[in-house]
Amino acid sequence: MKYLLLLTGDGDVPAWDGLSEAEQAALIERFEQFENACATRGVEILAGEALETGESATTVRRSGGARVVSEGPYAAAYEGLGGFFLVETPNLDLLLELSDLLPPYDMELRPVDSMG
């Protein structure tokens, strides 16, 4: 099954630019632990990236045949969207277990619809 693991907020992690270099390195180490554990447990990371802040987003809304473009995220809930992993996993329980290795961000794990 494919899942999109969204890092949706800071959770218990302070803002990145407020962390010391040692604290940033410790967080990066947790991402590396997650990636290594995925590889050894049969979870394939298909993609993963950190994202710019919500202020850098462009939102497109469509209504009545018109396209309205605005600066900023679609909804307040996504202002904190900081990154993602797209993974292929045997099951959700394994992904939940592995997600404990990541820094303690708030997360959303959403199955990918195969569209067919």
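The present account deals with the structure reproduced in this document. Everything numeric in this text was worked out from a predicted model, so none of it was measured. (Residues numbered from 1 in each chain as written. Predicted model: local features only at pLDDT ≥ 70, side-chain atom pairs only at ≥ 80, totals over all residues. Heavy atoms only, no water.)

### Structural notes on the nonpolar core
For soluble globular proteins, nonpolar side chains are generally found buried alongside one another.
Moving on, step 1. Leu-5, Phe-34, Phe-85, Leu-98 and Leu-102 are the most contacted members of the largest nonpolar core, which totals 18 residues.
Moving on, step 2. Counting only elements with at least two residues in this core, the list comes to β1 (2-9), α1 (21-41), β5 (83-88) and α2 (92-99).
Moving on, step 3. Not counting chain neighbours up to four residues away, the residues in contact with Phe-34 comprise Leu-5, Ile-45, Phe-85, Leu-98, Ser-99, Leu-101 and Leu-102. (Core = buried A, V, L, I, M, F, W, Y, C linked by side-chain atoms within 4.5 Å. Buried < 20%, exposed > 50% of the residue type's maximum accessible area, 1.4 Å probe, protein only. Helix = DSSP H or I, 4+ residues; strand = E, 2+ residues; numbered from the N terminus. Contact = heavy atoms within 4.5 Å.)

### A few points about the layout of surface pockets
Moving on, step 1. Within this model, the largest pocket holds a volume of roughly 700 Å³.
Moving on, step 2. If you go around the largest pocket, you meet 26 residues; those closest to its centre are Asp-10, Trp-16, Leu-51, Gly-82 and Tyr-105.
Moving on, step 3. Contributing elements (two or more residues each) for the lining of the largest pocket: β1, α1, β2 (44-50) and β5.
Moving on, step 4. Looking at the lining of the largest pocket residue by residue, the class counts come to 13 nonpolar, seven polar and six charged. (1 Å grid on protein atoms, 1.4 Å probe; cavity = no way out; pocket = protein on both sides within 12 Å on 5 of 7 lines; lining within 4 Å. Points joined across faces, edges and corners; volume = space filled by probe spheres on them. Nonpolar A, V, L, I, M, F, W, Y, C, P; charged D, E, K, R; others polar.)

### Quick look at the side chain of Thr-89
Moving on, step 1. Turning to its location among the elements, Thr-89 is positioned in the loop between β5 and α2.
Moving on, step 2. Among the residues examined, Thr-89 registers a relative accessible area of 2% and is labelled buried.
Moving on, step 3. A polar contact is formed between the side chain of Thr-89 and the backbone oxygen of Asn-91, at a distance of 3.0 Å.
Moving on, step 4. Aside from chain neighbours lying at most four places away, what touches Thr-89 is Met-1, Tyr-3, Val-43, Leu-94 and Leu-95. (Polar contact = N/O pair within 3.5 Å; in protein donor to acceptor, adjacent residues only side chain to side chain.)

### Observations concerning the sheet that holds strand β6 (residues 106-111)
Moving on, step 1. A sheet is described by the order of its strands in space; here four strands give the open sequence β2-β5-β1-β6, paired in antiparallel fashion. Looking at which strands have only one partner, the edges of the open sheet turn out to be β2 and β6. If you compare each strand with its neighbour and ignore which way they point, the axes differ by 15° on average.
Moving on, step 2. Note that β2 and β5 share six bridges and pair antiparallel. The residue bridging Glu-44 from the neighbouring strand is Glu-88, located in β5. (Pairing = 2+ DSSP bridges. Axes fitted to C-alpha atoms, helices over the stretch in contact; angles between N-to-C directions.)

### Observations concerning the pairing of strand β4 (residues 66-71)
Moving on, step 1. Direction of pairing for strand β3 (residues 58-63) relative to β4: antiparallel, over a ladder of six bridges. The residue of β4 that forms the bridge with Thr-59 is Ser-70.
Moving on, step 2. Counted between consecutive antiparallel strands, the loop separating β3 from β4 contains two residues, among which Gly-64 sits at a positive phi close to 60°.

### A look at the pattern of salt bridges
Moving on, step 1. Applying the stated criterion across every chain, the model contains two salt bridges.
Moving on, step 2. Here Arg-41 ties to Glu-97 by a salt bridge, and the two come within 2.8 Å at their closest N and O atoms. Linking Arg-41 in helix α1 with Glu-97 in helix α2, this pair joins segments that are 56 residues apart in sequence.
Moving on, step 3. Owing to a relative accessible area of 40%, Arg-41 belongs among the partly exposed residues under this scheme.
Moving on, step 4. Given the relative accessible area of 43%, Glu-97 is considered partly exposed.
Moving on, step 5. Across the pair Glu-108 and Arg-110 runs a salt bridge, and its minimum N-O distance is 2.4 Å. (Salt bridge = Lys/Arg side-chain N within 4 Å of Asp/Glu carboxyl O.)

Remember that the coordinates give geometry; whether it matters functionally is a separate question.
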